[in-house]
Each structure stands twice: as structure tokens, then as C-alpha cells.
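# Chains, contacts and geometry: an overview
Each chain, letter by letter, is given below.
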Amino acid sequence: MQLNPFSGVYLTDPASVWRRILDDPDEVHYAEDLGLWLISRHAHVRRALADASTFGNVLTLAPVYEVCPEAMSVIMQLDAPPTTAAADPPVHPRTRRALRATFANTADRVEAEYGAIVRRRVEQLVSRLAARDGEQVDLIPEFATELPLLVVLDILGVPDADIGRIRSWADGQIALVWGQPDPAEQVRLAQGLVDFWHYCQELVQQRVDSGQRGDDYISRALAYRDDDDSVLTVSEVASLAFNLLVAGHETTAGLLAHSIDQALSSPQRWRTIGTDPRYVPAFVTETLRFAPAIDGWLRVTHRDVTLGNVTIPAGARCLLLIGAANRDPGVFTHPDRFDPHRPDVRDQLSFGHGPHYCIGAALAGLEARITLTRLAAAIPGLRLTSEQHRSYKPNVAFRAHHSLLATIDTMAPVDTTAVPEVAGAEMHAA
Ligand code: HEM
């Protein structure tokens, strides 16, 4: 089976590739070019996400291709201990306990602890856009990638002034691990990753040295640690910050971009979102299923495992195609239809499943709901520009828009339809 995630149709219409893989009688495929086993069916992806004793996370953050020796020698300087997405038992249950205690991960806690931050940052960005009435803007840098980064910096207690370098390091990590950079670029990105890690170590060390504790995430994690290395080491606190700065930013940027893209695909949808906030939660959840911000995720097998009619050997790297699993016709009725009212939407796997289930799911959902509600209310005439060429960055995991061009119009368009679009299935290509 061939899968080229770095060029061609996968960058413009990934759903057609998922359909081809799902329709094949073999239930699991080996992609020779990538050296990865492709797991696409819902039941298999769900199992691989949940079964930590068979499918390990130890290589989840390791590059998907053979890195050149120069870049590898830089990467070897990275001594960040695995704490989240790259940690297996026995470390992961302990660091996961620390994460749950220090990072708000339920709807109520997120609203109480981060609600004010999200609203303040959304207002700031929406007002900045509304002030550009009549102009054409690119909603990706102007909103989608900006909001989640500002929010996560506020949560971690990192100064706004550092936003530029953190964005560039985080983007670089994603390109280095899940992209296909050339050797010179690999060396540059690897050096950025090491600088990023040192930056996170310094952030934490400054708080340790000063003894000052605020209400920010790093202070909380240090308080939770309570000078006890068996609970969490100082280096693990830095590693949690290192992971959260990337995980909390690019992922949610993708969700915002896909949500806004879907919402602006028809004027009636945009109007409904602006006038009926009750429509928004289901809309965001269906966007997650239909166009997941992470549509492929890595595991490595600890032993031979048989899925359906195929046996994957021990030590094999697997790409769990979450985007395909979310469109498995055995689970979702009319899976290629965008339908915010579908009853089966909760079965999607966009935030993972099992022990590594996304700690930021509730935060990402809140950011997306507030964004859509406020944007549609403040800029009711916002519309995509007609000459839009949708394509995504070359990557096996993160489905990130290059751009999303729109015209700012703060006037509500004249309603030419008699029936508002609320219920019913809606078609829109991914
Ligand atoms: C739409 C937005 C997001 C998506 C699609 C997403 C997706 C995922 C997925 C698929 C996993 C599972 C990884 C695995 O099983 O190995 C995961 C884990 C994780 N996510 Fe998210 N995520 C999002 C937002 C966030 C945010 C906002 C944060 C924090 C600020 C965050 C932090 C994490 C962390 C720390 C983990 C690792 C948890 C662990 O290993 O125990 N994510 N995310």
C-alpha cells in the first residue's frame, strides 16, 4: 500500500485517501515508503490507542523518517524526560496523575480556571479583526494560530514577548517529527528543539530559584511536586511545560481553522452560529470528527499483534489514521456527510482514547465555542474569498491549513432565505 502524506491528494483531499484505505479488504496495511503500518478501522485504532501494553508511546515523538547523522547528533543533546505523549508505564501513570492534578481537564474546571483568559484573548483578537472592516485577511495567522498560543502562554505564565520564538520552535518541532524536511533543515530544526527545551528548563529554574509561586501552571506543578522527586522531578516539570506549549497550540489552531472553514462554507451556517449559540457545541464536535486537527498518530508495537486478517510484528511503528477511523461506515452513518446533528458523533477518536486521552480536550472545545460565537456575532458578514486554494501542510499527524482568506464585513448580510439552516445533513468536502 502506498501513502504519500507529503504531497499530492493527501494535502488537498485526505478523505479520499482514507476512503480508499477503508475500502480495501485488508484490514491493516504496510506503507513501504514510510516504513509505517497503517491502522484505519475504528475498532483497531480505538484498541491501539487504549492498549498501552501492546501499543507503546515511546516513539510517538520520534521523527517518522531516518534523520541525517548531523541532525541526530543535535537531537541526542536533548535530555528531556518523557512525561506525556512519549511516556509509557510505569512513568506515564505517575506523570498523568500530576497532569490531572495541575491542569484543568473537565468542562467545569476549565470554565472556572481558564474561562476568563479565553474570553479576554478572543475579545482582543476579534476586536482587532473587526477594526479592519472591508479588508481581506488571512484567518490562520490573524486568528487560528494566534489564539491558542496566547491562551497557553497565559496559562503557563509565559510573557507575551516570547510568543514569536515559541511559535517558531513549536512549528519546527512538528515539521521535524511529522514532516519531511531536507537534511540542512533537519539540523536547523533540531537545534531549535534543543533551544526550546533549554528555554523551558530556564522558565522552571527561575521559579525554583526565586521561590516565587504564582497562579500559573508551572508554579502549580512545582507546588504539586513539593520538593519530592518521587512525585515529579524539576526536569519533569520542565518537560510538562515543553509538551504543553506544543500540544496546546498547533492542535487547537487546527480545530479553530477547520471550524471557521466549515462555518463560513455557507452564509446560513454563519448566521445560525451568530444567532443561536445552542447550535455551536454540536457544530464544533462534528468538526472534530469530520476534519480532525490530528488525523494520524504514532504507536510502536511491544509484541506481535493480530488485527483482523493481518499480524503486525513486534517493534513495528504504526500510524493510527484517526481521520479514517472517524469516517468508518461501520460506526458512522453517512460518514462523509457533515452533520452536526448526528447521534453517533461521540464515537469519534479525535482526542484519542484510553490512558493518553487528551488532557486539553475541554480547553480546546471552550476556545472553539467562544471563538465561533464571538466572531459570528461581531463580524456577521465575514466571508471566505472566492479564490481559495485549500491545502494542508505536509505532515503525517497535524492537519494544518496553509491559509484561509476572508473578507471582513461587520454588517449583517441581507437574509435572502426563508428557512434558517439548523437541522439536517450538510455536505462539504474536507
Ligand atoms: C483540537 C485540539 C486538540 C486535539 C485534536 C488533541 C489531540 C490529542 C490526541 C489525539 C492525544 C492522544 C495522544 C495519544 O494517545 O498518544 C492528545 C494528548 C494530549 N494532549 Fe491534546 N489535543 C488538542 C488540544 C490540546 C490542548 C489545548 C492541550 C493542552 C494545553 C493538549 C495537551 C495534550 C497532552 C499533554 C496530551 C498527552 C496526554 C498523555 O499522554 O497522557 N491537547 N491530544
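Residues numbered from 1 in each chain as written. Predicted model: local features only at pLDDT ≥ 70, side-chain atom pairs only at ≥ 80, totals over all residues. Heavy atoms only, no water.

## Re the site of the ligand
H92, R96, R299, H356 and C358 are the nearest of the 25 residues found near the ligand. Here an oxygen atom of the ligand sits 3.0 Å away from a polar atom, N or O, in the side chain of N57. Taken atom by atom, the bulk of the ligand overlaps the largest cavity. If you tally residues by element for the shell around the ligand, the top one is helix α12 (residues 250–263), at three residues. Broken down by class, the residue content of the shell around the ligand amounts to 13 nonpolar, ten polar and two charged. (Near = heavy atom within 4 Å. Polar contact = N/O pair within 3.5 Å; in protein donor to acceptor, adjacent residues only side chain to side chain. 1 Å grid on protein atoms, 1.4 Å probe; cavity = no way out; pocket = protein on both sides within 12 Å on 5 of 7 lines; lining within 4 Å. Sits in = over half its atoms within 2 Å of the grid points. Helix = DSSP H or I, 4+ residues; strand = E, 2+ residues; numbered from the N terminus. Nonpolar A, V, L, I, M, F, W, Y, C, P; charged D, E, K, R; others polar.)

## Overview of the confidence of the model for the protein
Per-residue confidence for the protein gives a mean pLDDT of 94; residues scoring 70 or more make up 96%. This stretch, residues 418–430, has a pLDDT under 50; its non-local contacts, to residues over four places away or in other chains, come to 34 contacts. (pLDDT = per-residue confidence, 0-100. Contact = heavy atoms within 4.5 Å.)

## What about the sheet that holds strand β1 (residues 28–31)?
Taken together, the five strands give an open sheet; going across it, the order is β1-β2-β8-β5-β3, and neighbouring strands pair in mixed fashion. Edge positions in the open sheet fall to β1 and β3 (55–56), since each of these has one partner strand only. In terms of strand pairing, β1 meets strand β2 (residues 36–39) through four bridges, oriented antiparallel. Residue A31 lies in a different strand from β2, and its bridge partner there is L36. (Pairing = 2+ DSSP bridges.)

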